[in-house]
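Okay, here's what each chain looks like letter by letter:
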Amino acid sequence: MDEILGGGLRRQSATLLRGAPGAGKTIFGLHFLAAGVEASETGLYVNLGEPVDYIRETAAGFGLNIDPVNFLMLSPTGEEFRTEETYDLFSSAEVEGPSLVENIREEVQSIDPDRVVIDPATEFRYLTTDEHQFRSQILSLLDFLKAEDATVVLTSQAADSMPDDDLQFLVDAVLTVEDERNRRTVEISKFRGSSTRSGRHTLAITGNGMSVWPQLVPGRHGRDRQHRTLSSGVPELDTLLSGGLTTGTITFFSGPTGVGKTTTGLQFMNEAASDGNRSVMYSFEEDTETLLTRADAVGIPVAEMIDEGKLRIEEIGPDELTVDEFTNRVREEVEAEGSEIVMIDGTTGFEQSLVGFDGNPMAPLVKVGRYLRNMGVTGIVTNEVHQITGEFRATEQKISHLADAIVILRHVEHRGKLRKVVGVLKKRTGDYEPRLRELEITSDGIRVGEPLSELRGILTGTPEWDTGDAGGTNGNE
């Protein structure tokens, strides 16, 4: 949240946190006060809603320490409502409104708080005679709290039946929390004095309290980088790519199911691990156990790479993460863990597994690709083409523009035998061999054969031998 706010809330400012009941406004206030406790600051919680014991229990449940925080309970308890005297007191808005504000003033002058939460501030509206008095009292209170060097957070039960436009005009910052389509978001619509992140960012409430994942903006990230060549460890495959993949670029391995896209990607990660580099693989279409079994069967030591900390595999199921959660996991792997290769295994699964697409479901993948380039990280994307044979397509989601290089893998049928071929369709960062080679995946690993110079129509899936002018071939395959 501090990242979205450009560092955090400004000192001696007033922030309005808007949202429907259950959106997380109180939890945000508790985080704010708990952060003050960690900084040895004094906090005051002005409570016009839930009982104090309930608030403290809520904070404890999330592991937030607010023990030193002072509470000013202004919400009437059941016991108070049983007395005629209290009933008379609450029946007169002209009396009650000013007295509540005065109670807050006395408490603030007594404890001199650095942080103040008023939850919910919209309750004052019920205790005033008209809108003018409400605005005047809130403005007066905010001016007083700022003059006392306090940083203030007010919550508002935002609803069509109770607009809070007037409060938005009176504060320095406005944060709106919404919950729709099983996704909570937070948006900053107003913030005086600092640069903030625009847009709607994912927010979640877990057992540890509130978590916020900012939208990924690739242009905000970057570091100095030098391009080098990443070998696959298979000489013939490297020959196709004129040495291998270029680091800091995005490569698509494109082809139908079972053709070897994931295995080929793992081969590059295995070679990187032998040079001491770390990789991460996000698997959207295959469970980890199956992946480990297949890798072991072809001689790629994935389990060993994981044990040595050279590879991390994260399995992501349908509707498991929001887009912002995923992109922030990628950032953590790159910036905190130092991963040099990021592999996204399955564009179809990627589209189905992430929640919170705004428009084009492939747009987040484009953002991730641009981010990886800016950070000098090598990206590998496996893209499934659903047609096993027939008309050739590099991708089906029309995202080939994202790729700096495209390696195509195809099934072909020749003389009653199903075979695989591999070739390079494009490579922006250098030359490549424009010929197709046979690909075999064996118990000893990946094998790439000599160029298939005598075959024509391989990309149609039904190749034919080129007989040439010599009247045919010798009949050998």
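As a starting point, this report considers the structure included with it. Only a predicted model underlies this, so the values are computations on that prediction, with no experimental measurement involved.

**Some remarks on the nonpolar core**
Core analysis: the biggest nonpolar cluster contains 32 residues, and Leu266, Phe268, Met269, Met281 and Val422 have the highest contact counts within it. Tallying contributions element by element places helix H9 (residues 261-274) first for this core, with 5 residues. Residues contacting leucine 266, with those up to four places away along its chain left out, are Met281, Leu291, Ala295, Ile300, Val302 and Met343. The next biggest cluster of nonpolar side chains, apart from the first, holds 31 residues, and it includes Phe32, Phe62, Val153 and Ala173.

**A look at the sheet that holds strand E21 (residues 437-442)**
With mixed pairing, 9 strands are arranged side by side in an open sheet as E14-E13-E16-E18-E12-E19-E20-E21-E22. A strand with exactly one partner marks an edge of an open sheet, and here the two such strands are strand E14 (311-315) and strand E22 (445-451). Direction aside, the axes of adjacent strands within the sheet are offset by 20 degrees on average. Where E21 lies against E22, 5 bridges are found, and the strand directions are antiparallel. Its bridge partner being in E22, isoleucine 441 is matched across the sheet by isoleucine 446.

**Describing H9**
With 14 residues, H9 should reach 20 Å at 1.5 Å per residue; the first-to-last C-alpha distance of 21 Å fits that figure. Judged by how many residues are buried, H9 sits mostly within the fold: 12 of 14 residues are covered. Of the residues flanking the end of H9, it is glycine 276, one or two places downstream, whose phi is positive at about 90 degrees.

**Focus: helix H1 (residues 25-38)**
A rise of 1.5 Å per residue sets the reference length of H1, with its 14 residues, at 20 Å; its end C-alpha atoms lie 20 Å apart and thus fit the reference within 8%. In terms of burial, H1 is largely enclosed, as 10 of its 14 residues are buried. Taken as a whole, H1 has its buried residues at Lys25, Ile27, Phe28, Gly29, Leu30, Phe32, Leu33, Ala34, Gly36 and Val37. A positive backbone phi angle near 60 degrees is found at serine 40, which sits one or two residues after H1.

Conventions we followed
- Residues numbered from 1 in each chain as written.
- Predicted model: local features only at pLDDT ≥ 70, side-chain atom pairs only at ≥ 80, totals over all residues.
- Heavy atoms only, no water.
- Core = buried A, V, L, I, M, F, W, Y, C linked by side-chain atoms within 4.5 Å.
- Buried < 20%, exposed > 50% of the residue type's maximum accessible area, 1.4 Å probe, protein only.
- Helix = DSSP H or I, 4+ residues; strand = E, 2+ residues; numbered from the N terminus.
- Contact = heavy atoms within 4.5 Å.
- Pairing = 2+ DSSP bridges.
- Axes fitted to C-alpha atoms, helices over the stretch in contact; angles between N-to-C directions.
- Expected span 1.5 Å × (residues − 1).

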